[in-house]
Amino acid sequence: MQRYMRFFVAAVLAVAAMPACAARFELQLGRSYMDNHGANTVFLEGVFAEHMLGNTGLTWSPDVSLGWIDGRDLARHRHYHYAHYSYSAHPEAWIGAAGARLRFADENAWYRPLFFSFQPAVHGGRTLALSSSYEFVSTLGWQAKYWSVQIRHISNGDLHVPNRGETMLLLGITLP
């Protein structure tokens, strides 16, 4: 219960620190998977004003997020060693990321709510899934007026071993 309280306090501070110019704040809840093993996850995301990306028919928005992924107690992964490092699936992970969200510019198109975002990230709590101090966050989603659904993958892009990554399904609710 203590770790949920820490996340709540961090989320409140993050919202207070984000500039008032954010176009959308979202609380995202879901389930993350490393291999076939699930864990609860929570993200707080701020998406800022859209800008045209030249004449491409796309828009981009600055996108920042703070997330938490619960640990897993998996007997077979308690003491995984690689080089001089020891990893396990047990620690929880905190993730801070900033990047860009891309959407189609056509306001009337059926596919307008579809988006893709990419964010470089840092995190605390090295795990078997998130083994380096930096990660990359890729998200494909559908954004309605007050909610969103998205598939998110976080990994280090095979720049460090192990590279199992976290893949999650998130449901988001727009905050007032």
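Look up: the structure comes first, before these words.
Computed from a prediction, not measured in an experiment: that's the story for all the values here. (Residues numbered from 1 in each chain as written. Predicted model: local features only at pLDDT ≥ 70, side-chain atom pairs only at ≥ 80, totals over all residues. Heavy atoms only, no water.)

## Considerations on the nonpolar core
At step 1: In this structure, Phe43, Ile69, Ile95, Leu130, Ile154 and Met168 are the most contacted members of the largest nonpolar core, which totals 15 residues.
At step 2: Where this core is concerned, the elements lending two or more residues are strand E2 (37–47), strand E7 (93–104) and strand E11 (166–175).
At step 3: If one sorts the elements of this core by residue count, E7 sits on top with three residues.
At step 4: If near-sequence neighbours (up to four positions away) are discounted, Ile154 is found in contact with Phe43, Ile69, Ile95, Leu130, Glu135, Phe136, Val137, Gly165, Glu166 and Met168. (Core = buried A, V, L, I, M, F, W, Y, C linked by side-chain atoms within 4.5 Å. Buried < 20%, exposed > 50% of the residue type's maximum accessible area, 1.4 Å probe, protein only. Helix = DSSP H or I, 4+ residues; strand = E, 2+ residues; numbered from the N terminus. Contact = heavy atoms within 4.5 Å.)

## Some points on the pattern of salt bridges
At step 1: For the coordinates displayed, the defined rule picks out eight salt bridges.
At step 2: With a shortest N-O distance of 2.8 Å, Arg24 and Glu26 are connected by a salt bridge.
At step 3: The partner of Arg152 in a salt bridge is Glu45, and the shortest N-O contact between them spans 3.1 Å. Separated by 107 residues along the polypeptide, Arg152 in strand E10 (residues 147–155) and Glu45 in strand E2 bring together distant segments of the chain. (Salt bridge = Lys/Arg side-chain N within 4 Å of Asp/Glu carboxyl O.)

## Digging into the packing of aromatic side chains
At step 1: Counting across every chain of the model gives three aromatic pairs.
At step 2: Both rings, one in Phe104 and one in Tyr111, keep their centres 4.8 Å apart while their planes meet at 75°; by these two values the pair is edge-to-face.
At step 3: Overall, Tyr111 belongs to the partly exposed group, its relative accessible area being 28%.
At step 4: Both rings, one in Phe118 and one in Phe136, keep their centres 5.9 Å apart while their planes meet at 15°; by these two values the pair is stacked. Taken together, the residues Phe118 in strand E8 (residues 114–124) and Phe136 in strand E9 (residues 134–143) connect sequence positions 18 residues apart.
At step 5: Looking at Phe136, the relative accessible area reads 27%, which means it is partly exposed.
At step 6: Counting every residue linked through ring pairs, the aromatic cluster contains Phe104, Trp110 and Tyr111.
At step 7: Over the ring of Phe115 we find Arg101; its NZ or CZ atom is 3.7 Å from the centre of that ring.
At step 8: Sitting over the face of the ring of Phe43, Arg152 holds its NZ or CZ atom 4.7 Å from the ring centroid. (Phe/Tyr/Trp six-rings, centres within 6.5 Å; stacked < 30°, edge-to-face > 60°. Lys NZ or Arg CZ within 6 Å of the ring centre and 35° of its normal.)

## Points about unusual backbone geometry
At step 1: You will see that Asp35, though not glycine, has its phi angle at about 55°, which is positive.
At step 2: Positionally, Asp35 belongs in the loop between strand E1 (24–34) and E2.

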